[in-house]
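# Structural description and commentary
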There are 2 protein chains.
Amino acid sequence: MLKNVRVVLVNTSHPGNIGGAARAMKNMGLTQLVLVDPERFPDPDAVSRASGADDVLTGARIVATLEEAIADCSLVLGTSARDRRIPWPVLDPRESADKVLDQLAQLPDAQVALVFGREDSGLTTDELQRCQYHVHIPSMPDFSSLNLAAAVQVLAYELRMQSLQREGAPTKMHKVETTAVFNEIPATAGELEQFYQHLEQVLVEIGFHDPQKPRQLMPRLRRLYGRVHLNRMEMNILRGILTETQKAVGVKAAGERRT
Amino acid sequence: MLKNVRVVLVNTSHPGNIGGAARAMKNMGLTQLVLVDPERFPDPDAVSRASGADDVLTGARIVATLEEAIADCSLVLGTSARDRRIPWPVLDPRESADKVLDQLAQLPDAQVALVFGREDSGLTTDELQRCQYHVHIPSMPDFSSLNLAAAVQVLAYELRMQSLQREGAPTKMHKVETTAVFNEIPATAGELEQFYQHLEQVLVEIGFHDPQKPRQLMPRLRRLYGRVHLNRMEMNILRGILTETQKAVGVKAAGERRT
C-alpha cells in the first residue's frame, strides 16, 4: 500500500541526512526516494548513514525541480515548521497519514508525495504553495526544527502504524468521501500547475491581475483550488472555461484593433 | 508533565547518536538524558548533531550501570527490536506513551525511564528483564533496526502528541493572517447562489455554455465549488474575475458592433 508514497527531499545539504532518511524509510516500508537538486549525492556519508538501506539510495531519482518531482502526484504534503502569512490547511503527522491512506484506499494507483525542505531553511513559500497540505510536527515552539531524517522518521512511522492498524481492521479501510462516490481520476500536480499558469495568464488578459502588484492573488487561488481535490473532468471544464474566455477576449482585442 | 521522563541510552558507541537523541528530546520537550557507560562522551560529534540542544547534553548524567540509571523510577520501558525467548508485556509506541502519561497523571512525582540499547545489539536479556514493559517500534521485519536517535524521536514524538492531546492543546500550529477574521468568514448559501447565477451568465456570454444543451455543466460546477467551502474573500475574488471577464468581453461585443 505504501509503495505509491514517495519521499521528496528538496536541496538537501548533508548527504548523511539523505542516508538517514533512506534508512528511516526502509524501516517503515517506504521505498521511493526523490532528490531535488541535492548538494552532494551520491556520497559515502549517505551510504554510511543508510546502514543497509542501499537499495533505497540506489533507486533514488534525482530531479532538478520540485515541480518535476511531484508532477504525477495527486496528493502532495509539505512539511513546514514556521508560520506563514497565508493560511493553509495544516495537518499533524497523524492526520497526514490518515489523509494519505484515505487517498490510497480510494485510488490504489494514486501517487502521493511527502516533501521535506532544506536543513536550515525548510521549503520556500513558493514550494509550500505547491503542496495541498502542510504538515506540522508538533515540536516545542522554542526549538522546533527537527533533524531532516528524524522528520522523515516521524511521518514514515505514522504511515506504517496506521497502515498496520487499517490492515488489522479492514472495516475502517473504506472510508468514503463524497468526492469518491464517482470513482474519479484525480488531477495530478502537473495538471494543476498548468491550470494555474493558464489561469494567471487569463487573469492578466482580462485585466484582473497585475503580476507587478500581485496582492497575494495567485497564492489565494492556489489555496482554493489546491484543497478541493479537482478530478480530471473538473480540470477539463475549468481549462475549457479559460480557453473560451481567451477566445472571447481575443476577438475583442482584434475587434478593437479593427476600429 | 514530561519533565519526569528520562531517556536512558545504554553503552552508546557513536557520540553523534547521543547528540541526535538530545536534539530529538528537546524538539519534543524532554530534558533528562542519562548515559550508561557511553563509549565516547563528551565529544564534538555529539555537540554537532545536537544542533543547539547543548543544554540537554550538558545536563546529561553519566552512570556506570543501567541499575543506577533507573533506581528511582517507578516505570521503566525498554526498547526491543527483536523477539526474545522470554515472553514479556510488549507495547507499541502509542501504547507506551499512554502508559507513561497514565502513570504521571496518577502520580505526578513519579519518575519514568525510556531505555534504549546499543546501536548494534540493543539491550541484553538481563537489561530487558529490568524493564516492566518492552516497547516495539513496528518496523519492517526484514529491516527492523532503527537508528538510535530515530528511535528516541519516535517515542518522544508519541509522548508529545499524546500529552498535547490530553491537555487539549493543539497538535499543530495554526497559520493565521492578521486579516484572517474577515478572510475566514464562510460564504453563505445565498452568496453561493448569486455566484452560480453570475458564473452561468458569464459562461453563456463567452460561448462556453448553452442553457438549451446544458450537458450537466452547472451541476458539475456546483459540486466543485460546493465542496470547497469558499470563504468570503475567495468569493469576492471569484466574483471579481467574473465581472472583469464580462467587461473584457463586453468591450469586444461593442467593438464588433462598431465594425
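Refer to the structure presented above.
Residues numbered from 1 in each chain as written. Chains lettered and ligands numbered in written order. Predicted model: local features only at pLDDT ≥ 70, side-chain atom pairs only at ≥ 80, totals over all residues. Heavy atoms only, no water.

## Things to note about the overall build of chain A
Counted only if it meets this: Going along the chain from the N terminus, every DSSP run of H or I of four or more residues is numbered as a helix, and every run of E of two or more is numbered as a strand. Classification of residues uses two cut-offs on accessible area relative to the type maximum, computed with a 1.4 Å probe and protein chains only: under 20% is buried, over 50% is exposed, and between them is partly exposed. Whether two residues are in contact is decided by their heavy atoms, any of which lying within 4.5 Å being enough.
Counting its regular elements, chain A contains ten helices and seven strands. Across the 259 residues that make up chain A, the buried fraction comes to 60%. The long-range share in chain A, meaning contacts at least 24 apart out of those at least 6 apart in sequence, stands at 84%.

## Considerations on helix H10 (residues 217-227) of chain B
Listed as buried for H10 of chain B are Leu217, Met218, Leu221, Leu224, Tyr225 and Arg227 of chain B. Just downstream of H10 of chain B lies His229 of chain B, where phi reads positive at about 55°.

## Quick look at the sheet that holds strand E6 (residues 112-116) of chain B
Backbone hydrogen bonds hold the strands of a sheet together, and the pairing may be parallel or antiparallel. Residue and element names in this part refer to chain B. The following threshold applies: Strand pairing is assigned whenever DSSP detects at least two bridges linking the two strands.
The strand order across the open sheet formed by seven strands is E3-E2-E1-E6-E4-E7-E5, and the pairing between neighbours is parallel. Each of the sheet's edge strands pairs with one partner strand only, and the pair in question is strand E3 (61-63) and strand E5 (90-91). Pairing geometry for strand E1 (residues 5-10) and strand E2 (residues 32-36), over five bridges, is parallel. Paired with Val8 across the two strands is Val34, which belongs to E2.

## A word on the pattern of salt bridges
When the charged atoms of two side chains lie near each other, side chains of opposite charge can form a pair. Applicable threshold: Basic side-chain nitrogens of Lys or Arg form a salt bridge, by our definition, when they fall within 4 Å of a carboxyl oxygen of Asp or Glu.
In the structure shown here, the tally under the stated rule is 30 salt bridges over all chains. Of the charged contacts, one joins Glu158 of chain B and Arg94 of chain B as a salt bridge, the two residues approaching to 2.7 Å between their closest N and O atoms. Remark: Arg94 of chain B occurs in helix H5 (residues 93-106) and Glu158 of chain B occurs in helix H7 (residues 148-167); sequence separation between them is 64 residues. This pair shows no difference in class: Glu158 of chain B is buried, exactly as Arg94 of chain B is. In this structure, the salt-bridge partner of Arg118 of chain B is Glu127 of chain B, at a minimum N-O distance of 2.8 Å. Its relative accessible area of 11% is what places Glu127 of chain B among the buried residues. Where salt bridges share partners, they join Glu67, Asp126, Arg130, Glu193 and Arg222 of chain A into one cluster.

## Observations regarding the side chain of Glu158 of chain A
Taking the relative accessible area as the measure of exposure, Glu158 of chain A reaches 0% and is therefore buried. Residue contacts for Glu158 of chain A: discarding those within four places in its chain leaves Pro93, Arg94 and Ala97 of chain A together with Arg94, Tyr157 and Glu158 of chain B.

## A look at the sheet that holds strand E1 (residues 5-10) of chain A
Residue and element names in this part refer to chain A. With respect to topology, seven strands assemble into an open sheet ordered E3-E2-E1-E6-E4-E7-E5, the strand pairing being parallel. Either end of the sheet is taken by a strand with one partner, and the two such strands are strand E3 (61-63) and strand E5 (90-91). As paired elements, strand E4 (residues 75-79) and strand E7 (residues 133-135) share three bridges and run parallel to each other. Pairing of Leu77 across the sheet is with Tyr133, part of E7.

## Quick look at the environment of Val115 of chain B
Residues and elements named next belong to chain B. Looking at the element boundaries, Val115 is found in strand E6. When its relative accessible area of 0% is taken as the criterion, Val115 is described as buried. When sequence neighbours within four positions are dropped, the list of residues in contact with Val115 reads Val8, Val10, Leu66, Ile70, Val76, Leu77, Gly78, Thr79 and Leu123.

## Quick word on the interface of chain A and chain B
Short version of the rule: Put simply, buried area is the surface a 1.4 Å probe can reach on two separate parts but cannot reach once they are joined, added for both. In protein, a polar contact requires one atom able to donate a hydrogen and another able to accept it; more generally it is a pair of N or O atoms within 3.5 Å, and residues adjacent in sequence count only if both atoms are side-chain atoms.
With 81 residues of chain A in contact, the opposing surface of chain B contributes 72 residues. Between chain A and chain B, the buried area comes to about 6600 Å², and carbon and sulfur atoms account for 62% of it. For the pair chain A and chain B, the number of links is three salt bridges. Our count for the chain A to chain B interface comes out at 20 residue pairs in polar contact (both at pLDDT 80 or more). Broken down by secondary-structure element, the contributors of at least two residues to the side of chain A that touches chain B are helix H1 (15-27), helix H2 (44-50), E5, helix H5 (93-106), helix H7 (148-168), helix H9 (217-227) and helix H10 (232-258) of chain A.

## Overview of the packing of H1 of chain A against H7 of chain A
All names here are of chain A. Spelled out, the test is: Between N-to-C directions, angles cover 0 to 180 degrees, with each direction set by a line fitted to C-alpha atoms, over the stretch in contact for helices. Angle categories are assigned with fixed cut-offs, so that under 35 degrees is roughly parallel, over 145 is roughly antiparallel, 65 to 115 is roughly perpendicular, and the rest are oblique. Each residue gets one of three labels, nonpolar for Ala, Val, Leu, Ile, Met, Phe, Trp, Tyr, Cys and Pro, charged for Asp, Glu, Lys and Arg, and polar for the others, Gly among them.
Two elements in contact, H1 and H7, have axes separated by 8 Å at closest approach and are oriented at 10°. Classed by the angle they form, the pair H1 and H7 counts as roughly parallel. Facing H1, whose interface residues are Asn17, Gly20, Ala21, Ala24, Met25 and Asn27, H7 presents Leu148, Ala149, Val152, Gln153, Ala156 and Arg160. Taken together, the residues of the contact of H1 with H7 break down into seven nonpolar, four polar and one charged.

## Thoughts on the pairing of strand E2 (residues 32-36) of chain A
The side chains of a regular strand alternate between the sheet's two faces. Residues and elements named next belong to chain A. This is how it is decided: By the criterion used throughout, a crossover qualifies as right-handed when its path from the first strand across the helix to the second strand runs clockwise, the strands pointing away from the viewer.
Counted residue by residue, E2 has four buried out of five residues, so it is predominantly covered. Since E1 and E2 lie parallel, the crossover through H1 that links them has a hand, and here it is right-handed. Pairing between E2 and E3: three bridges, direction parallel. What sits directly across from Leu35, in E3, is Ile62.

## Some words on the layout of surface pockets
Vacant regions in the atomic arrangement are exposed by a probe of water-molecule size rolled over the atoms. Cut-off, in case you're wondering: Put plainly, a pocket is an open set of points on a 1 Å grid over the protein atoms alone with protein on both sides within 12 Å along at least five of seven lines, a cavity is a set where a 1.4 Å probe fits but cannot get out, and a lining residue has an atom within 4 Å of a point. Grid points are joined across faces, edges and corners, and a volume is the space filled by probe spheres set on the points.
The volume enclosed by the largest pocket comes to roughly 870 Å³. In this structure, the largest pocket is lined by 45 residues; those nearest its centre are Arg23 of chain A together with Ser145, Leu146, Asn147 and Leu148 of chain B. At the level of elements, H1, H2 and H7 of chain A together with helix H1 (15-28) and H7 of chain B are the ones that each hand at least two residues to the lining of the largest pocket. Within the lining of the largest pocket, the residues separate by chemical class into 14 nonpolar, 21 polar and ten charged.

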